[in-house]
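The chain contents come next:
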Amino acid sequence: MEKLPKIGVPIIIGLVILIVLISKSAVTIGPGEGGVIFERFGDGINTEKTYGEGFHIVAPWNEMLVFKVRQQSISDKMNVLSVDGLQVQVNGTIWFEPEYSNLGSLIKTKGKDFVVELLDPAINSAARSVVGRYTPEQLYSSKRDVIEQEILEEVRKELDGQFLNVKRVLVEDVTLPPSIKDAIERKLKQEQESLEYEFRLVTAEKEAQKQIIEAEGKAKSNEILSASLTDKILQDKGIEATMKLSESPNSKVIVIGSGESGLPIILGNQ
């Protein structure tokens, strides 16, 4: 009984040490994350293996560094110069993701803050290069999708072989100085009004052509009809009209002869 306390103390101490070691050795990697081992007594970051989601045991003297490996996005505001030297603010969003199998190499070469150290400079460089090719009017109006694609291509060139993939670039807004913006909007409005006026002229011209064609058609029809009304047809039509008039109970027709065309000469009717 007297020896029990003396034996229990080392056991308790050993259990505490064991619990501490297990807690430092056990690592859980969450969804969409990956881990790399930092070997304190080795070569630092182990670039050979990337650890996936789930529970892992590592040596207590090593450290598991965990990073997001799913697709991520960052937004940035960049002040750049247009082709004519005008300062323009471009607001954009970039979607990217680390190369999963090369996560260790990315962290070893660019550090934990690889977004700041690698991605931000590449985006700014690409934006300056691309925006510097266009005028403010092109940036403000019709070139947005082209600019996005060109910035994406430039960023990919900057990051080639850097273990970081850029998926998409979105230019959300281009902010120009108010005076330049107002001038562009006035010009665009004038161009729109000019296009609308031209459209009305074309429509009026087409309507006039339509009326001319219809009038020519009617004239041709009347010409054909007049040519078909021979003396014989006129005589038959006159006789037919006279017969209908004579059959009326309230009318009295006196025919005194016929004219040169053969039509009856009506003296009168009552």
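Residues numbered from 1 in each chain as written. Predicted model: local features only at pLDDT ≥ 70, side-chain atom pairs only at ≥ 80, totals over all residues. Heavy atoms only, no water.

## Some remarks on the overall build of the chain
Now for step 1: Helix and strand counts for the chain come out as seven helices and 10 strands.
Now for step 2: Looking at the chain as a whole, 26% of its 270 residues are labelled buried.
Now for step 3: Expressed as a percentage of contacts within the chain between residues at least 6 apart in sequence, the contacts between residues at least 24 apart total 63%.
Now for step 4: Carbon and sulfur atoms make up 55% of the accessible area of the chain, which amounts to about 18,100 Å² in all. (Helix = DSSP H or I, 4+ residues; strand = E, 2+ residues; numbered from the N terminus. Buried < 20%, exposed > 50% of the residue type's maximum accessible area, 1.4 Å probe, protein only. Contact = heavy atoms within 4.5 Å. Areas by Shrake-Rupley, 256 points an atom, 1.4 Å probe, with all protein chains shown as cover.)

## Quick notes on the nonpolar core
Now for step 1: Among the nonpolar cores identified, the biggest contains 37 residues, and Leu119, Ile151, Leu159, Leu164 and Val166 are the most heavily contacted of them.
Now for step 2: Listed by contribution, the elements that provide at least two residues to this core are strand E5 (62–68), strand E6 (72–81), strand E7 (87–98), helix H2 (103–110), helix H3 (114–131), helix H5 (144–158) and strand E8 (164–175).
Now for step 3: In terms of residue count, H3 provides more of this core than any other element does, nine residues in total.
Now for step 4: Contact partners of leucine 159, with chain neighbours within four places excluded, come to Leu118, Leu119, Ala122, Leu164 and Val166. (Core = buried A, V, L, I, M, F, W, Y, C linked by side-chain atoms within 4.5 Å.)

## Some points on H2
Now for step 1: Those residues of H2 lying buried are Leu103, Gly104, Ser105, Leu106 and Ile107.
Now for step 2: Within two residues after H2, glycine 111 carries a phi angle of roughly 85°, on the positive side.

## A word on the pattern of salt bridges
Now for step 1: Using the criterion set out here, one finds four salt bridges in the structure.
Now for step 2: In this structure, arginine 40 and glutamate 63 form a salt bridge, with 3.5 Å as the shortest nitrogen-oxygen distance. Placement of the pair is arginine 40 in the loop between strand E2 (33–39) and strand E3 (44–45) and glutamate 63 in strand E5, with a sequence separation of 23 residues.
Now for step 3: A residue is classified by how much of its surface remains accessible, and arginine 40, at 48% relative accessible area, is partly exposed. (Salt bridge = Lys/Arg side-chain N within 4 Å of Asp/Glu carboxyl O.)

## Some details on the sheet that holds E6
Now for step 1: Strand order across the open sheet formed by three strands is E6-E7-E8, with antiparallel pairing between neighbours. Both edges of this open sheet fall to E6 and E8, since each of them pairs with a single strand only. In this sheet, neighbouring strand axes are inclined to one another by 25° on average, regardless of whether the strands run parallel or antiparallel.
Now for step 2: Sheet topology note: the E7/E8 ladder contains 10 bridges and is antiparallel. Note that in E8 the partner of proline 98 across the bridge is leucine 164.
Now for step 3: Contacting E6, E7 and E8, H3 runs over the sheet at an angle of about 45° to E6. (Pairing = 2+ DSSP bridges. Axes fitted to C-alpha atoms, helices over the stretch in contact; angles between N-to-C directions.)

## Brief notes about the packing of H2 against H3
Now for step 1: Following both chains from N to C, one finds H2 and H3 inclined at 90°, their axes separated by 9 Å at the closest point. Classified by the angle between their axes, H2 and H3 sit roughly perpendicular to one another. Across the interface between the two elements, Leu106, Ile107 and Lys110 from H2 touch Phe114, Glu117 and Leu118 from H3.
Now for step 2: For the contact of H2 with H3, a count of residues per class yields four nonpolar, no polar and two charged. (Parallel < 35°, antiparallel > 145°, perpendicular 65-115°, else oblique. Nonpolar A, V, L, I, M, F, W, Y, C, P; charged D, E, K, R; others polar.)

## Some remarks on the environment of leucine 103
Now for step 1: The topology assignment puts leucine 103 in helix H2.
Now for step 2: Taking the C-alpha atoms as reference points, leucine 103 and glycine 34, 69 residues apart in sequence, are found 7.8 Å from one another.
Now for step 3: For leucine 103, the residues in contact, after removing those within four places along its chain, are Gly34, Gly35, Val36, Thr50, Phe67, Val69 and Pro98.

## Quick look at the packing of aromatic side chains
Now for step 1: All told, the structure shown has one aromatic pair when counted by the stated rule.
Now for step 2: Across the ring face of tryptophan 95, the terminal group of arginine 168 is positioned such that the distance to the ring centre comes to 5.2 Å. (Phe/Tyr/Trp six-rings, centres within 6.5 Å; stacked < 30°, edge-to-face > 60°. Lys NZ or Arg CZ within 6 Å of the ring centre and 35° of its normal.)

## Quick look at H5
Now for step 1: Helix length check: H5 (15 residues) gives 21 Å between terminal C-alpha atoms against 21 Å at 1.5 Å per residue, within 8%.
Now for step 2: Among the residues of H5, Ile147, Glu148, Glu150, Ile151, Leu152, Glu154 and Val155 are the ones counted as buried.
Now for step 3: Elements that come into contact with the buried residues of H5 comprise H3, helix H4 (136–140) and E8. (Expected span 1.5 Å × (residues − 1).)

## Points about the pairing of E7
Within a regular strand, the side chains alternate between the two sheet faces.
Now for step 1: Here E6 runs beside E7; their pairing, made up of 10 bridges, is antiparallel. The residue of E7 that forms the bridge with serine 73 is tryptophan 95.
Now for step 2: Connecting E6 to the antiparallel partner E7 that follows it, the hairpin turn spans five residues, and glycine 85 within it adopts a positive phi of roughly 85°.

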